[in-house]
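Report on the structure
These are the residues of each chain, in order.
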Amino acid sequence: MGKEYEIKSLNNKEEAENLLKESRNRIDEIDNDLFDLICQRTSIAKDIALAKDYLGMPIYDKTREDAIYAKVERFSEENGIDVEIIDQIVNMLTILSKNEQNELLRRNVDG
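One structure accompanies this document, and this report is about it. (Residues numbered from 1 in each chain as written. Predicted model: local features only at pLDDT ≥ 70, side-chain atom pairs only at ≥ 80, totals over all residues. Heavy atoms only, no water.)

The helix and strand inventory of the chain stands at three helices and zero strands. Going from the N terminus to the C terminus, the chain shows its helices and strands as α-α-α. Whereas a compact globule of 111 residues would reach a radius of gyration of roughly 13 Å, the chain reaches 19 Å, over 25% beyond that. Overall, the C-alpha framework of the chain stretches about 65 × 30 × 20 Å when taken along its three principal axes. Sorting the 111 residues of the chain into buried and exposed places 17% on the buried side. Residue pairs in contact within the chain that sit at least 24 positions apart in sequence constitute 60% of those at least 6 positions apart. Summed over its atoms, the accessible surface of the chain is roughly 9100 Å², and 54% of this surface lies on carbon and sulfur atoms. Mean positive and mean negative side-chain charge positions of the chain (16 and 25 charges, respectively) differ by 3 Å. (Helix = DSSP H or I, 4+ residues; strand = E, 2+ residues; numbered from the N terminus. Rg over C-alpha atoms; globule rule 2.2 N^0.38 Å. Buried < 20%, exposed > 50% of the residue type's maximum accessible area, 1.4 Å probe, protein only. Contact = heavy atoms within 4.5 Å. Areas by Shrake-Rupley, 256 points an atom, 1.4 Å probe, with all protein chains shown as cover. Lys, Arg positive; Asp, Glu negative; His and termini not counted. Charge placed at Lys NZ, Arg CZ, Asp CG, Glu CD.)

Dropping the structure here:
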């Protein structure tokens, strides 16, 4: 999943400045990708809400959320990323999804 990056040795100020600029540009690209993925995830959550509503299922599914947290915790540990912080990020994403699902269902009920 994760990619290990080799720590680069720098020989001069120009190399350091170039590395900083390139790294920041790459971070910006990744941030844009993350935002696009969050938008996609939120859109799919709306589809899930419609399916759950039709099936008479509640928005909150403890079994599913537990599975998501277990998966990301395993990925975090495998990739040396702080599990607590990743849990917080996933928590925010699940809150966003549930809020979107609830809003969609509220609009469907209210017309």
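Structure's up, so let's keep going.
Under the criterion given, the structure shown has eight salt bridges. A salt bridge links K46 to E100; the shortest N-O distance between them is 3.6 Å. Remark: E100 occurs in helix α3 (residues 83–110) and K46 occurs in helix α1 (residues 13–55); sequence separation between them is 54 residues. Since its relative accessible area comes to 23%, E100 is described here as partly exposed. (Salt bridge = Lys/Arg side-chain N within 4 Å of Asp/Glu carboxyl O.)

Below, the discussion takes up a negative patch on the surface. There is a patch of like negative charges on the surface, built from D28, D31, D33 and D36. Looking at the element boundaries, D36 is found in helix α1. You can call D36 partly exposed: its relative accessible area is 44%. (Patch = residues over 30% accessible without salt bridge, like charges linked within 9 Å, V, L, I, M, F, W, Y side chains within 5 Å.)

Moving on, we get to the nonpolar core. Taken as a class, soluble globular proteins show a tendency for nonpolar side chains to be buried jointly. Core analysis: the biggest nonpolar cluster contains five residues, these being I68, Y69, V72, I86 and V90. Of all elements in the fold, only α2 (62–79) and α3 reach the threshold of two or more residues within this core. Of the residues forming this core, the biggest block, three residues, is contributed by α2. Other than its neighbours up to four places away in sequence, Y69 contacts D87, V90, N91 and T94. (Core = buried A, V, L, I, M, F, W, Y, C linked by side-chain atoms within 4.5 Å.)

For the rest of this paragraph, the subject is the side chain of S97. Mapping S97 onto the fold places it in helix α3. The exposure class of S97 is buried, given its relative accessible area of 9%.

Right, let's get into a nonpolar patch on the surface. Together, I30, L34, L37, I38 and L96 give the surface a local cluster of nonpolar side chains, amounting to about 380 Å² of exposed area. Among the elements that make up the nonpolar patch, the one with the highest residue count is α1 (four residues). You can see I30 is positioned in helix α1.

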